[in-house]
Amino acid sequence: MIGIQSYIAQTTANNPTILEGDWIITDTKAYEKNTPKTGDLVTFTKEDGQLFMYRIVGLPKDTISLKDNIVSINNKLSKSKFIADRNIEGINFSELEETFPNGHSHRIYKSKEEFDDGMMNMNDFVVPTDSIFYWAIAEIMRLTADI
């Protein structure tokens, strides 16, 4: 049996893949019997009641790092392939296809503007055995329940 919940995207964090106002339908029981995989998008409710969506980057015991904005999982670099230049809401981006070491591919949008958000580099982080690591850089999205 599946549990279905629909949401409305409240932010532009995943433009142009998911636009503000888009409807997102999730299977709330998907991981009751299955383990999430690297690259999956998951939705959940935080303690304060806000709904969020994240991309899974690491599973228990994985070592995650970020060097020059390139994700490394267990000392294996992700690869990216240029797709196109885009302008989203007046900001110039490069659209890339990022492929994690496990083969999962997804689109990412890298700003061409010069800025340092403090997230270009991250030292090795080992995912705790009772956790999974969520990718929060440009993947976080606040949702509202469609009630």
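Residues numbered from 1 in each chain as written. Predicted model: local features only at pLDDT ≥ 70, side-chain atom pairs only at ≥ 80, totals over all residues. Heavy atoms only, no water.

Participant: Explain the overall build of the protein to me, and be specific about the residues and the numbers.
Facilitator: Helix and strand content of the protein: zero helices and 13 strands. Per-residue burial for the protein yields a buried fraction of 34% across its 147 residues. In the protein, the proportion of contacts linking residues at least 24 apart, taken out of those at least 6 apart, comes to 52%. About 9,200 Å² of surface is accessible on the protein, with carbon and sulfur atoms providing 51% of the total. (Helix = DSSP H or I, 4+ residues; strand = E, 2+ residues; numbered from the N terminus. Buried < 20%, exposed > 50% of the residue type's maximum accessible area, 1.4 Å probe, protein only. Contact = heavy atoms within 4.5 Å. Areas by Shrake-Rupley, 256 points an atom, 1.4 Å probe, with all protein chains shown as cover.)

Participant: Explain the sheet that holds strand β8 (residues 79-88) residue by residue, including any values.
Facilitator: Ordered by their spatial adjacency, three strands build an open sheet running β8-β9-β10, and the pairing between neighbours is antiparallel. At either margin of the open sheet sits one strand with a lone partner, and together these are β8 and β10 (105-111). Strand-to-strand twist across the sheet, computed as the mean angle between neighbouring axes with direction ignored, equals 25°. Sheet analysis places strand β9 (residues 91-99) next to β10, joined by seven bridges and oriented antiparallel. Paired with Glu95 across the bridge in β10 is Tyr109. (Pairing = 2+ DSSP bridges. Axes fitted to C-alpha atoms, helices over the stretch in contact; angles between N-to-C directions.)

Participant: I'd love a proper account of unusual backbone geometry, names of residues and values included.
Facilitator: Phi at Lys61 is positive, roughly 75°, even though this residue is not glycine. Judged by relative accessible area, Lys61 falls into the exposed class, the value being 62%. Unlike most non-glycine residues, Asn74 shows phi in positive territory, near 55°. Along the polypeptide, Asn74 turns up in the loop between β6 (70-73) and β7 (76-77). Using a relative accessible area of 35% as the deciding quantity, one classes Asn74 as partly exposed.

Participant: Explain the environment of Lys81 residue by residue, including any values.
Facilitator: Relative to the helices and strands, Lys81 is located in strand β8. Taking the C-alpha atoms as reference, Lys81 lies 9.5 Å from Arg107; in sequence the two are 26 residues apart. When near neighbours in sequence (up to four residues on either side) are disregarded, Lys81 contacts Glu95, Leu96 and Glu97.

Participant: I'd like to hear about the sheet that holds strand β11 (residues 122-126), residue by residue, with values.
Facilitator: Pairing in this open sheet of four strands is antiparallel, and the strands run β7-β6-β5-β11 from one edge to the other. Sheet topology places β7 and β11 at the edges, where each strand pairs with a single neighbour. Bridging between strand β5 (residues 63-67) and β11 involves three bridges; their strand directions are antiparallel. Note that in β11 the partner of Leu66 across the bridge is Met122.

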